[in-house]
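Fold and contact review
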Amino acid sequence: MNDFNDMVNDWKSVATDNTERKEVSDSLFGKLKKLQQKIIFGNLLMSISFAVVFAVFIWLWNENPLKERSDNFYVGLTFMFILLTTTIAMMWYRVLFWRTPNDISENMKAFATKMLKKLLYFKWITNFFMPVYLLLLAVGMTIYYQDVLYEASLQFKMIAYGLTYVWLFVVGFFIVRKKQKKNSKEIDPIIKSLEEILETF
């Protein structure tokens, strides 16, 4: 009789653990789906804006055949084109999953491990890559300006460089800081939950 009671208690314990794990996974998955939607929407907007910039680059290149401008003109455009292409690829890599999992509770460890890596990459993009991106974009703009502002007055050059650098570094700094604070509020709790889940295995 005691063996039977022990077996019943063990079964209830397992059933309770499975139910709790299912509830935790559903709640966590809901947060991840919400974040996924924000990532895809943001990437779509970025892709559209970058497509417009690429179109302008192509137009500038076609309107200025080789040897009609200095090397700085073509180097600057090429540099920025490669930078933007790399950036959009890295942004799309942040997408958490391309197909919605049927039941993450069935293989919670693998799913949690993958999501943890994705979210750490998400934070790395904000904390490290975005400042580097702004710096490299400033380099590309500077090279490009060496050609287009070659015959401009010193005063005009100072205004052009000043406005560009203020926009990239001052406005860019506030955007990065805003995203970092947002990550602390939205991403860090999810990372903590994933780490706690992995500790149970």
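Scroll up to find the structure this text is about.
Residues numbered from 1 in each chain as written. Predicted model: local features only at pLDDT ≥ 70, side-chain atom pairs only at ≥ 80, totals over all residues. Heavy atoms only, no water.

**Let's talk about the side chain of N43**
For N43, the location among the structural elements is in helix α1 (residues 2–63). Engagement of the side chain of N43 in a polar contact is seen with the backbone oxygen of M91, the distance being 3.0 Å. Within polar-contact distance, the side chain of N43 engages the side chain of R94 at 2.9 Å. Excluding its chain neighbours within four sequence positions, the residues that come into contact with N43 are I88, M91, W92, R94 and V95. (Helix = DSSP H or I, 4+ residues; strand = E, 2+ residues; numbered from the N terminus. Polar contact = N/O pair within 3.5 Å; in protein donor to acceptor, adjacent residues only side chain to side chain. Contact = heavy atoms within 4.5 Å.)

**Topic: the packing of helix α2 (residues 71–92) against helix α3 (residues 108–148)**
Relative to each other, α2 and α3 sit at 165°, their axes nearing to 8 Å. The angle between α2 and α3 places the two elements in the roughly antiparallel class. For the crossing formed where α2 meets α3, the hand is left-handed. A class-by-class count of the residues in the contact of α2 with α3 yields 22 nonpolar, five polar and one charged. (Axes fitted to C-alpha atoms, helices over the stretch in contact; angles between N-to-C directions. Parallel < 35°, antiparallel > 145°, perpendicular 65-115°, else oblique. Left-handed = near helix turned anticlockwise from the far one by under 90°. Nonpolar A, V, L, I, M, F, W, Y, C, P; charged D, E, K, R; others polar.)

**Topic: the pattern of salt bridges**
A full pass over the atoms with the stated rule returns three salt bridges. Of the charged contacts in the structure, one is a salt bridge between E186 and K38, with a shortest N-O distance of 3.4 Å. A residue pair is termed long-range when its members are at least 10 positions apart, and E186 in helix α4 (residues 154–199) and K38 in helix α1 qualify at 148 residues. Linking D188 and K123 is a salt bridge whose minimum nitrogen-to-oxygen distance equals 2.8 Å. With D188 in helix α4 and K123 in helix α3, this pair connects stretches of sequence that are 65 residues apart. Look at D188 and you get partly exposed, because its relative accessible area is 28%. Given the relative accessible area of 21%, K123 is considered partly exposed. (Salt bridge = Lys/Arg side-chain N within 4 Å of Asp/Glu carboxyl O. Buried < 20%, exposed > 50% of the residue type's maximum accessible area, 1.4 Å probe, protein only.)

**A few points about the layout of surface pockets**
Estimates place the volume of the largest pocket at around 1000 Å³. If you go around the largest pocket, you meet 36 residues; those closest to its centre are M46, M91, M130, I175 and K179. Listed by contribution, the elements that provide at least two residues to the lining of the largest pocket are α1, α2, α3 and α4. For the lining of the largest pocket, the element with the most residues is α4, which contributes 13 residues. The residue makeup of the lining of the largest pocket, split by class, is 22 nonpolar, eight polar and six charged. (1 Å grid on protein atoms, 1.4 Å probe; cavity = no way out; pocket = protein on both sides within 12 Å on 5 of 7 lines; lining within 4 Å. Points joined across faces, edges and corners; volume = space filled by probe spheres on them.)

**Quick word on the side chain of T164**
Here T164 lies in helix α4. Reaching out from T164, the side chain makes a polar contact with the backbone oxygen of A160 at a distance of 2.8 Å. T164 has contacts with M141 and Y145, leaving out every residue within four places of it along the chain.

**Looking at the environment of L77**
On the secondary structure map, L77 appears in helix α2. Exposure remark for L77: the relative accessible area of 4% places this residue in the buried category.

**Focus on the packing of aromatic side chains**
In total, this model carries 19 aromatic pairs according to the counting rule given. The interplanar angle of 50° and the centroid separation of 4.8 Å between the aromatic rings of F54 and F81 together place this pair among those described as tilted. Here F81 lies in helix α2 and F54 lies in helix α1, a separation of 27 residues in the sequence. The exposure class of F54 is buried, given its relative accessible area of 17%. Taking relative accessible area as the criterion, F81 reaches 36% and is therefore assigned partly exposed. Here the aromatic rings of Y93 and Y121 are separated by 5.0 Å at their centres, their planes lie at 90°, and the arrangement is edge-to-face. (Phe/Tyr/Trp six-rings, centres within 6.5 Å; stacked < 30°, edge-to-face > 60°.)

The values reported here are purely geometric and, on their own, carry no functional implication.
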